[in-house]
Amino acid sequence: VIVATPYKLSFDYLKVCAEVEAASDEALAMHPSLPLFSIGHSAGSLLHLLSDCLLRPPQRAGAVLVCYNNRPAEGAIPLGAVAPVAKTLNDEGPLQDAIRDALARTRKLAEDATIEVAASGAAPRSFGSEFLTIAAEGFEVVEQVPDLFVDVAEGAKEFFPSVEQNKELFAS
């Protein structure tokens, strides 16, 4: 049984961990006798470690942590470039409405173009089956960017727990 638990990006890793754990608990309850293995990439690796250390006793039979990421926000997000844009987009007004509308239309055009290329017969077969899935997941991640912009506009500058807090926690 494989349970994939998507999560919404946030500066508050503990909130994300709690949401992921809540979402996965239902599936885990349906299969209590199966061993639990975790697989995480980048921030997903970090979330698994935080969950085991802070939210629940480790009950995993094993974990695969790929490209573990414990970088500070400035290293993961170009905050200097994002902050002015985030503040502008977070405001209300006709300009902001037009920008949000343009972003939504651009996403729709990209989705439609991806589907059209896959259906055209000009693309390799794997394009239709594999690439469409990857593209759809990518579009979902892009949809989360405005919420992160709001966090930046409201003053978010670092992930919580911080890099140093994580290092201390994981060393213990």
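Coordinates for the structure precede this section.
Residues numbered from 1 in each chain as written. Predicted model: local features only at pLDDT ≥ 70, side-chain atom pairs only at ≥ 80, totals over all residues. Heavy atoms only, no water.

Trainee: Mind laying out the overall build of the chain, listing which residues take part and the relevant values?
Mentor: Along its length, the chain carries seven helices and two strands. Taken from N to C terminus, the helices and strands of the chain fall in the order α-β-α-β-α-α-α-α-α. Reported as C-alpha extents along the three principal axes, the dimensions of the chain are approximately 50 × 45 × 25 Å. Within the chain, the proportion of its 172 residues that are buried is 30%. For the chain, contacts bridging at least 24 residues in sequence account for 72% of all contacts bridging at least 6. For the chain, the exposed surface amounts to about 11100 Å²; the carbon and sulfur share of it is 63%. Each charge class in the chain was averaged separately, 13 positive and 24 negative side chains, and the resulting centres sit 2 Å apart. (Helix = DSSP H or I, 4+ residues; strand = E, 2+ residues; numbered from the N terminus. Buried < 20%, exposed > 50% of the residue type's maximum accessible area, 1.4 Å probe, protein only. Contact = heavy atoms within 4.5 Å. Areas by Shrake-Rupley, 256 points an atom, 1.4 Å probe, with all protein chains shown as cover. Lys, Arg positive; Asp, Glu negative; His and termini not counted. Charge placed at Lys NZ, Arg CZ, Asp CG, Glu CD.)

Trainee: Account for helix 5 (residues 94–119), with residues named and values stated.
Mentor: For helix 5, built from 26 residues, the straight-helix expectation of 38 Å at 1.5 Å per residue is met to within 8% by its first-to-last C-alpha distance of 37 Å. By the burial criterion, the buried members of helix 5 are Gln 96, Arg 107 and Thr 114. (Expected span 1.5 Å × (residues − 1).)

Trainee: Any details on a nonpolar patch on the surface? Residues and values, ideally.
Mentor: Together, Val 1, Val 3 and Leu 34 make up a nonpolar patch on the protein surface, roughly 280 Å² of accessible area in all. Here Leu 34 lies in the loop between helix 1 (13–30) and strand 1 (37–41). Relative accessible area serves as the criterion here: at 42%, Leu 34 is assigned to the partly exposed category. (Patch = residues over 30% accessible without salt bridge, like charges linked within 9 Å, V, L, I, M, F, W, Y side chains within 5 Å. Salt bridge = Lys/Arg side-chain N within 4 Å of Asp/Glu carboxyl O.)

Trainee: Would you mind going over the packing of aromatic side chains in detail, with residue names and values included?
Mentor: The tally for this structure, following the rule as stated, stands at three aromatic pairs. With a centroid separation of 6.3 Å and an interplanar angle of 70°, the aromatic rings of Tyr 68 and Phe 170 are classed as edge-to-face. In this pair, Tyr 68 sits in the loop between strand 2 (62–66) and helix 3 (73–76) while Phe 170 sits in helix 7 (residues 163–171), placing the two residues 102 residues apart along the sequence. Among the residues examined, Tyr 68 registers a relative accessible area of 36% and is labelled partly exposed. On the accessibility criterion, Phe 170 (25% relative accessible area) is partly exposed. Taken together through their ring pairs, the aromatic side chains of Phe 11, Tyr 13 and Phe 159 make up a single cluster. (Phe/Tyr/Trp six-rings, centres within 6.5 Å; stacked < 30°, edge-to-face > 60°.)

Remember that the coordinates give geometry; whether it matters functionally is a separate question.
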